[in-house]
Amino acid sequence: MSGGADFAAAAAAGRPVPSRLGRLGVPALLFTLLALAPLLAMAGAEGYLLSLLSRVMIFAIAAIALDLILGYGGLVSFGHAAFLGIGAYAVGILSSHGIEDAFVQLAVALGASGLFALATGAISLRTKGVYFIMITLAFGQMLFFLATSLASYGGDDGLTLASKSLIFGRKLIEGDRAFYYAVFACLLVTYILGRSIVASRFGRVLRGSRDNPVRMEAIGFHPFRYQLAAYGISGMLTGLAGFLLANQAEFVSPAYMTWQRSGELIFMVILGGLGSLHGALLGAAAFLLLEEYLAGVTEHWKMIFGPLLIVVVLFARGGIMGILGGRGRRD
Amino acid sequence: MTPTLLLVQVLNGLQFGLILFLIAAGLTLVFGVMDFINLAHGVQYMVGAYLAAAFAAWTGSFWLALGLALPTALVVGLLLEILVFRHLYDRDHLDQVLATFGVILFLNQGVKFLWGAAPLNVPMPDLLSGSIPLPGGLLYPTYRIAIIAAGLGVAGLLYVLVHHTRIGMLVRAGASNAPMVSALGVDIRRLFMGVFGFGAMLAGFAGAMVAPILSVEPGMGDNILILAFVVIVIGGIGSIRGAFLAALLIGLVDTVGRTLAPTLLRLFLDPSVASQTGRAVAPMLIYILMAAVLFFRPSGLFPVRR
Amino acid sequence: MTEPLLRLENLRKAYGALKVTDDVSLEVRPGELHAVIGPNGAGKTTLIHQMSGLAGSDSGRILFDGADITRLPMHERVRRGLARSFQITSILPGFSALENVALAVQARSGSSFRFFGDAAAETALNDEAERALGLVGIAHRAHVPAGLLSHGEKRQLELAVALATAPKLLLLDEPLAGTGHEESERVVETLRGLKGRYTIVLIEHDMEAVFSLADRVSVLVYGRVIATGTPERVRANPEVRAAYLGEEAA
């Protein structure tokens, strides 16, 4: 992966080209900080900090997955929490039947998320604009209600896992720090995969289809296929986040896939800056840390959070990455 | 299932469908006229219910409460329009979705702040608290019949308003060509504000009407909002007629489906499996219905030409 | 006589009661530059949409390179060698001129379901794209974001993109639309350079350019072809003069 692709994309978009620091430095800095955090945290409250940061990284995976189709594909999926749910329930349901192997659970989580993405994407992508937003929203709700009616898997109340997933039959990710680094590895892989996809042939077709689908057809592409594949990839990566989420909480419930959760995922992406991938990581961190802080200040923190969201939308277009790199958001 | 029981379910479905219509009508009008997607429409329904509850507790009369709740819901809607929504009309749908999501977070928490998290109850007006015998001997609550009547009344009123008045003509013209309407010398901002306030009031009316039969609680508008979206997507965004038919369809399928699905499945499966599968499938029915409609008609049943 | 490359048979398209194209039959021979002219509202744009697949046809057939393509979607027709440009410039403004063209090269060279490797660094794609840009004379603007090109350059980029799909037939929808005098001469020169190397259907309003370029001209009036022939014969056709040239003169 060369830095040249980013450069070309930014230059081509007529935006000010972010400094070299913005292109490579910000993600490198973020990942270095995340890699070192457990060492820094040894001073005190390690457990709390690691679990908070693990949560941040898990949601960052989901946000990056969403950014892939939202920022680069222009597809506003308002049902992405469903994939979190699928990933989480894959863990919950399998482990309630005694299948606790991480690789089996992960394979099922990814497979089920991918299948759900392809099935619902095939219908949703036939529609455009606001219809797409609403349909993805509705499919997400459909799964939410399915989960609440799964009486044998806890229904509304959800179900508690006996333990975290086992790796080669052993409790390798049981400890806070081990789990932290497992999540870190998943995030790093997701990010690198995302970077690669965006710069690849596939990514270029995806970006072109976002900007002008008719043009893409006129040069021989069928945007639908590429968008569907991107939707599938995004769904699977979000399923991965769901798999990790269930493992962190050792608990699974329909609350993972409320439509509000889907909205929060979109907000994370926008907050960080659309279409830059590491922006999604920053956005997830800013969102969850702010939530954590405000919730400590008042139980009515959402009365601060809601207006804050409105202010970001109205005044801070481009999100955190926009502020850092002087990049405008694409129109 | 006996025919009478089915009749009860159909009436329930009709009542639910008409409540859905009251909410969906405002949503589809606002979208049709302003190309504005308003997630906060559901909380306006909740606000209507809370206002009815608060005024009922204050005045002791359901009718007074309803009379006070309507204009207050209108004011709340207009206030939101001025403070937030009007700054979003020329933004893309993504921005609109997010900002109105922020409004939801604020108002859901706001009612909790003001009235607490516990559900409120609104006493049913004496006049409508009785029940009506159905053929077959069962009794059906008068209040639900009243909701059906009110819903049909509002639907009729809306039809006349949209199709046979000058304002309605402007609204319809504004939906397909806003610049032309402003070229006619109409203040498009005031038209937008009017449509918005009206939509908010309809949702508030729906909330106030259901307050006596549902518990009034934070977040009560969230799930019904999604159903209203399903309604306007199936009906065709911007179409009042589509919203009306789709609302009734969704109301009936959802209500009747929940009782009928387990019964029907019992023909193929053993009873315990049937009832469990039925209960799992029933809430998904309307989404499957929506998917099916959109598969064949990606712009809904009554697409509005724009 | 050689088999025509493109043949339209009794093509019709109506929007409601309005017949936009009405029983259009047309043959385009390999290697020729065939111009379709007509007054505004004659159905020229609809006809090119029907040929390219952007709009369907109510009845009639379209035969291209020996195969019936009437029901094929646009992207399938492109893959068979039927490329088009748009009247209203339709480029990817966020992509560089080079990337706009490279994407068209990419569409026909290998799978685009490749998730690894930097597409912008693929020399095979970029070299061909540069060649196409050179062919229309804007190679020096390769790395400029397409949105920042001048109007005339955008029209030339449109051409380059169409060329990069390696077409057997080029459908050009008013390539001179909206260009200034100097720019329009540059585009005409480019077209003259392409003539003979590609089979071209040129839909155009600018009469002067058409008569100097075209091998044959078809005249479309109210959705019907009223005459087809060499520029001289068409110019002399009294029906054409009445319907179209008269209007221009007036």
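Basis of the calculations
Residues numbered from 1 in each chain as written. Chains lettered and ligands numbered in written order. Predicted model: local features only at pLDDT ≥ 70, side-chain atom pairs only at ≥ 80, totals over all residues. Helix = DSSP H or I, 4+ residues; strand = E, 2+ residues; numbered from the N terminus. Rg over C-alpha atoms; globule rule 2.2 N^0.38 Å. Contact = placed C-beta atoms within 7 Å. Nonpolar A, V, L, I, M, F, W, Y, C, P; charged D, E, K, R; others polar. Pairing = 2+ DSSP bridges. Axes fitted to C-alpha atoms, helices over the stretch in contact; angles between N-to-C directions. Parallel < 35°, antiparallel > 145°, perpendicular 65-115°, else oblique. Left-handed = near helix turned anticlockwise from the far one by under 90°. Core = buried A, V, L, I, M, F, W, Y, C linked by C-beta atoms within 7 Å. Buried ≥ 20, exposed ≤ 12 C-beta atoms within 10 Å, placed from the backbone. pLDDT = per-residue confidence, 0-100.

Student: Just to check I follow, could you spell out the overall build of chain C for this structure?
Tutor: In terms of regular secondary structure, chain C is built from nine helices and 10 strands. A globule of 250 residues ought to have a C-alpha radius of gyration of about 18 Å, and chain C, at 18 Å, matches this closely. Judged by the C-alpha coordinates and their principal axes, chain C covers about 60 × 40 × 40 Å. The contacts in chain C between residues at least 6 apart in sequence include a share of 68% that link residues at least 24 apart.

Student: Explanation requested: the interface of chain B and chain A in the structure shown.
Tutor: Think of interface size as the accessible area that goes away when the parts come together; that is how it is often given. With 34 residues of chain B in contact, the opposing surface of chain A contributes 36 residues. Put simply, the parts of the chain that give the side of chain B that touches chain A at least two residues each are α4 (93-115), α9 (220-235), α11 (271-281) and α12 (285-296) of chain B. Of all the elements, α4(B) adds the most residues to the side of chain B that touches chain A, at 15 residues. Of the residues in the side of chain B that touches chain A, the class split is 25 nonpolar, seven polar and two charged.

Student: Quick question: what am I supposed to make of the sheet that holds strand β8 (residues 199-203) of chain C here?
Tutor: Strand pairing in a sheet is mediated by backbone hydrogen bonds. Such pairs are either parallel or antiparallel. Residue and element names in this part refer to chain C. With mixed pairing, six strands are arranged side by side in an open sheet as β6-β7-β8-β3-β9-β10. Looking at strand neighbours, the two that pair on one side only are β6 (82-84) and β10 (224-229), the edges of this open sheet. Neighbouring strand axes in the sheet, compared pairwise and without regard to direction, differ in orientation by 20 degrees on average. Sheet strands touched by helix α1 (residues 44-52): β3 (33-37), β6, β7 (169-173), β8 and β9 (216-221). Its angle to β7, the strand with the most contacts, is close to 150 degrees.

Student: I keep staring at the packing of α9(B) against α12(B) and nothing clicks. Help me out?
Tutor: Two measures define how a pair of helices packs: the angle their axes make with one another and the distance between the axes. Residues and elements named next belong to chain B. One way to put it is that α9 packs onto α12 with a least axis distance of 10 Å and a crossing angle of 25 degrees. The orientation of α9 with respect to α12, classified from their angle, is roughly parallel. Once α9 is placed against α12, the crossing between them reads as left-handed. Where α9 approaches α12, its residues V230, V233 and I234 are matched on the opposing element by I286, M290, V293 and L294.

Student: Looking at this model, I keep getting lost on the arrangement of the chains. Mind explaining?
Tutor: Between all two pairs of chains that are in contact, chains A and B come out with the most contacts. With respect to C-alpha atoms, chain B approaches chain C no nearer than 13 Å, and the pair has no contact.

Student: Could you clarify how one ought to interpret unusual backbone geometry in this entry?
Tutor: Generally, phi is negative for residues other than glycine and the peptide bonds are trans, each holding for most cases. Even without being glycine, D35(B) reaches a positive phi, approximately 55 degrees. Mapped onto the fold, D35(B) is located in the loop between α1 (3-34) and α2 (41-59). Residues other than glycine seldom take positive phi values, yet D23(C) does so here, at roughly 60 degrees. For D23(C), the position within the fold is in strand β2 (residues 18-28).

Student: I would appreciate a short explanation of the nonpolar core in the present structure.
Tutor: In a soluble, globular protein the nonpolar side chains are often hidden away together inside. Among the nonpolar cores identified, the biggest contains 287 residues, and A60(A), I61(A), A63(A), A52(B), V231(B) and V101(C) are the most heavily contacted of them. Leave out the neighbours within four places in its chain, and V101(C) touches A129(C), A132(C), L133(C), A160(C), V161(C) and A164(C).

Student: Teacher, can you tell me more about the confidence of the model for chain C here?
Tutor: Detailed reading of the predicted model is not advised wherever pLDDT is low. Of all residues in chain C, 97% attain a pLDDT of 70 or more, and the chain-wide mean is 88. At the level of chain-chain contacts, confidence expressed as ipTM amounts to 0.86, with global pTM at 0.88.

Student: Before we go on, may I ask you to explain the interface of chain A and chain C in this structure?
Tutor: On the side of chain C, 32 residues touch chain A, which itself brings 30 residues to the contact. Secondary structure elements with two or more residues in the side of chain A that touches chain C: α1 (3-12), α7 (176-199), α8 (201-211) and α9 (213-218) of chain A. The element contributing the most residues to the side of chain A that touches chain C is α8(A), with six residues. Partitioning the side of chain A that touches chain C into residue classes produces 15 nonpolar, nine polar and six charged.

Student: Whenever I open this one, the packing of helix α3 (residues 46-70) of chain A against α7(A) confuses me. Can you help?
Tutor: Residues and elements named next belong to chain A. Interaxial distance between α3 and α7 falls to 9 Å at its minimum, and their mutual angle equals 20 degrees. On the basis of their axis angle, the class for α3 and α7 is roughly parallel. As for the relative orientation of α3 and α7, their crossing is left-handed in sense.

Student: Explanation requested: the sheet that holds strand β1 (residues 6-15) of chain C in the structure shown.
Tutor: Residue and element names in this part refer to chain C. A sheet is described by the order of its strands in space; here four strands give the open sequence β2-β1-β4-β5, paired in antiparallel fashion. Single-partner strands in this sheet number two, and they are β2 and β5 (67-68). Strand direction decides the pairing type here: strand β4 (residues 59-64) and β5, joined by two bridges, are antiparallel. Looking at β5, one finds that F64 is bridged to A67. Most of the contacts of α1 go to β2, to which it runs at about 60 degrees, and overall it touches β1, β2 and β4.

Student: What is the right way to look at the pairing of β1(C) in this model?
Tutor: For a regular strand, side-chain orientation follows a simple rule: the groups alternate between the two sheet faces. All names here are of chain C. Relative to β2, β1 is paired through seven bridges, and the arrangement is antiparallel. By the bridge assignment, L11 is partnered in β2 with V24. What sits between the antiparallel neighbours β1 and β2 is a turn of two residues, in which G16 has the positive phi angle 65 degrees. Both β1 and β4 contribute to a ladder of five bridges, which runs antiparallel. Bridge assignment links L6 to a residue of β4, and that residue is F64.

Student: Hey, could you run me through the pairing of β10(C) in this one?
Tutor: Residues and elements named next belong to chain C. By the bridge criterion, five bridges tie β9 to β10 in an arrangement that is antiparallel. From the neighbouring strand, V217 faces β10, where its bridge partner is G229. Linking β9 to β10, which pair antiparallel, is a turn of two residues; within it Y222 sits at a positive phi near 50 degrees.

Student: Could you clarify how one ought to interpret the environment of G151(B) in this entry?
Tutor: Residue and element names in this part refer to chain B. Residue position: G151 is located in helix α5 (residues 142-164). Judged by the 26 C-beta atoms lying within 10 Å of it, G151 falls in the buried class. Those residues in contact with G151, other than ones at most four positions away along the chain, are L18, I19, F21 and L22.

Student: Where do I start with the confidence of the model for chain A in this structure?
Tutor: Residues and elements named next belong to chain A. Counting all residues, the mean pLDDT for chain A is 87, and 90% of those residues have values of 70 or more. Taken element by element, the predicted model of chain A shows its lowest mean pLDDT in α1 (39) and its highest in helix α10 (residues 223-249) (97). Counting contacts from residues 326-331, a segment whose pLDDT is below 50, to residues more than four positions away or on other chains yields 18 contacts.

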